[in-house]
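# Fold and geometry: a report
One letter stands for each residue in the lines below.
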Amino acid sequence: MQILRRLGLVLLWFAAPVVAFAAVNKNDPYLLVLRGAGNIALVAASLLIIAVLLRRGHWRPIAGKLLVMLWCLPPVLMSAAHLKFELRRHDVLNAGAAEARQLGAHFMVGYSSFPEVARLARQGLIGGVYVTRHNIRCGTVELLRSEIAALQDIRRAAGLPPLVVAADQEGGIVGHLAPPLTKVPALATLTGLAPDDQQAKAEEFGRIHGRELAGLGVNLNLAPVLDLKPPARRNRLDFHTLIGQRAIASDPAVVSTIASAYVRGLEASGVGATLKHFPGIGRVRADTHHFSANLDTPVEELEATDWLPFREVLSHSRSALMVGHVTLTAVDPDRAASHSKSVVQGIIRDKWNYQGVVMTDDLVMGAIYQNDVCKAVVEAINGGVDLLLVAYDGAQFYRVFACALDGARQGRLDAAMLHASETRLTRGLLSEKAGAASLKRSSTRG
């Protein structure tokens, strides 16, 4: 029994700093599973341990006093972290109407609480929402359909443009609303068919996705994936990207053929497509959900291979373009493409003459969030990005928006870039015909 008591004390010494670390970082995306009931359980457990230590007299020796003090830290640190979050949230929610609407149009946010996102929509603090698996309750889409309709009603009543409503239905292993929506095979399964059959089936897949998403009120699909399929290999550090399973093919022509047909099917149903993840992550082994990653391939080689599907599909569609969090070292070795003006403005806008909507990949991903996220937000806006996505953990919206708010108040946001972006967003994701036509002319000249 004595041995068990000593072992218990040793475990308490080791557990205290771990729980304290979790408490001070309670708002971190990696600790999302502990939020709410988990946080309450940590505090309750800390208080219970303190009570037991005091009751058994462990506070008398100096070591015991230190142990009790250690277990006092988690509730205090968690309270401080919560206060910091609430103060930031208060600052964002009380932003002036003009600055809220100027900046809010550039943010798309995932959500768990409908009342919370409804307030953001009403105040113009967001321009779009992202819906996914946890927004489907009771196994049906009826509540989600009514929520989306209610959000659009709120926007109309507030005199604001309709929200962009996005989902992530690629097919295959990524279909966050399937079930209950139809589970469509990955586009990669079509590569063995004849070209005409490839196009027919891909367009059919696009129509299925488009019809069902449009029925929900979703007007933008974050698909298709245009990254070239990498050679078969196992990357033990790739936990979530899994691009080898999501990419269509390694041949740019095949990718262009299948993706173009899929996009036609989507657009025929009134749903916009999003081409991802420029500048391409097929050559990258690191998982940007967690780590920074470099793309070291020369631009000339990328233009002749990886970028061909992007230019081809953009030239024949009204698609948006998602920029990933890899660093294109030949162009801008100091920052990820998603917030690099040299990549977004220099290549996509100026060289390709694409004037459609450009959006970031999720800013909650480790490649951005674990670094200087405020710097990334300001640079993305100043670089010509139109939509900043906060998808996985919607609570991080307040931190990300506060970065933009501080940048605006300190005069660090480029007014000309904001105005140009506002014009693109006003035109809308489904009316980019002029931009697509100009890109097609540019591609022909190049």
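The following refers to the structure shown.

In this section: the state of the cysteines. Considering all chains together, one arrives at 1 disulfide under this definition. The side chain of Cys374 participates in a disulfide bridge whose partner is Cys403; the two sulfur atoms lie 2.0 Å from each other. The sign of the -65° torsion about the S-S bond sets the Cys374-Cys403 disulfide as left-handed. Residue Cys374 is located in helix H14 (residues 373–383), and its partner Cys403 is located in helix H15 (residues 397–409); the two are separated by 29 residues in the primary sequence. You can call Cys374 partly exposed: its relative accessible area is 31%. Under the relative-accessibility criterion, Cys403 is labelled buried at 2%.

Before going further, it helps to spend a moment on the side chain of Ser46. Among the structural elements, Ser46 can be located in helix H2 (residues 37–55). Non-local contacts of Ser46, meaning those with residues more than four positions away in its chain, are made with Val19, Trp71, Pro74 and Pro75.

The first and last C-alpha atoms of helix H7 (residues 195–216) sit 32 Å apart over 22 residues, in line with the 32 Å expected at 1.5 Å per residue. Where H7 is concerned, the buried positions are Gln198, Ala202, Phe205, Gly206, Ile208, His209, Gly210, Leu213 and Leu216. In this structure, the buried residues of H7 make contact with helix H6 (142–157), strand S3 (164–167), strand S4 (169–171), strand S6 (220–221) and helix H9 (252–268). Gly217 sits one or two residues past H7 and shows a positive phi near 105°.

Put simply, helix H1 (residues 2–24) and H2 touch, their axes get as near as 12 Å, and they point 145° apart. In this structure, H1 crosses over H2, and the sense of that crossing is left-handed. Contacts from Leu9, Leu12, Val19 and Ala22 in H1 reach Leu42, Ser46, Ile49 and Leu53 in H2. Of the residues that constitute the contact of H1 with H2, the class distribution is 7 nonpolar, 1 polar and no charged.

Strand order in the open sheet made by the 8 strands is S11-S9-S7-S6-S3-S2-S1-S12, with parallel pairing throughout. Each edge of the open sheet carries a strand with a single partner, namely strand S11 (358–360) and strand S12 (388–390). Summarising the sheet, strand S9 (residues 320–323) and S11 pair through 3 bridges and their orientation is parallel. Within the sheet, the bridge partner assigned to Val323 lies in S11 and is Thr360.

Once that is clear, we can look at the environment of Ala286. If you trace the backbone, Ala286 turns up in the loop between strand S7 (272–278) and strand S8 (293–295). Classification of Ala286 as partly exposed rests on a relative accessible area of 29%. For the pair Ala286 and Leu181, spaced 105 residues apart in the sequence, the C-alpha separation amounts to 31 Å.

Within the largest apolar cluster, 102 residues are counted, with the highest numbers of intra-cluster contacts made by Ile126, Phe278, Val377 and Phe397. Among the elements that line this core, the one with the most residues is H15, at 8 residues. For Phe397, the residues in contact, after removing those within four places along its chain, are Val92, Phe107, Val109, Leu120, Leu125, Ile126, Val390 and Ala402. In this structure, Ile49, Leu67, Val68 and Met78 belong to the second largest nonpolar core, which totals 14 residues.

Quick notes on the rules
- Residues numbered from 1 in each chain as written.
- Predicted model: local features only at pLDDT ≥ 70, side-chain atom pairs only at ≥ 80, totals over all residues.
- Heavy atoms only, no water.
- Disulfide = S-S within 2.5 Å.
- Helix = DSSP H or I, 4+ residues; strand = E, 2+ residues; numbered from the N terminus.
- Buried < 20%, exposed > 50% of the residue type's maximum accessible area, 1.4 Å probe, protein only.
- Contact = heavy atoms within 4.5 Å.
- Expected span 1.5 Å × (residues − 1).
- Axes fitted to C-alpha atoms, helices over the stretch in contact; angles between N-to-C directions.
- Left-handed = near helix turned anticlockwise from the far one by under 90°.
- Nonpolar A, V, L, I, M, F, W, Y, C, P; charged D, E, K, R; others polar.
- Pairing = 2+ DSSP bridges.
- Core = buried A, V, L, I, M, F, W, Y, C linked by side-chain atoms within 4.5 Å.

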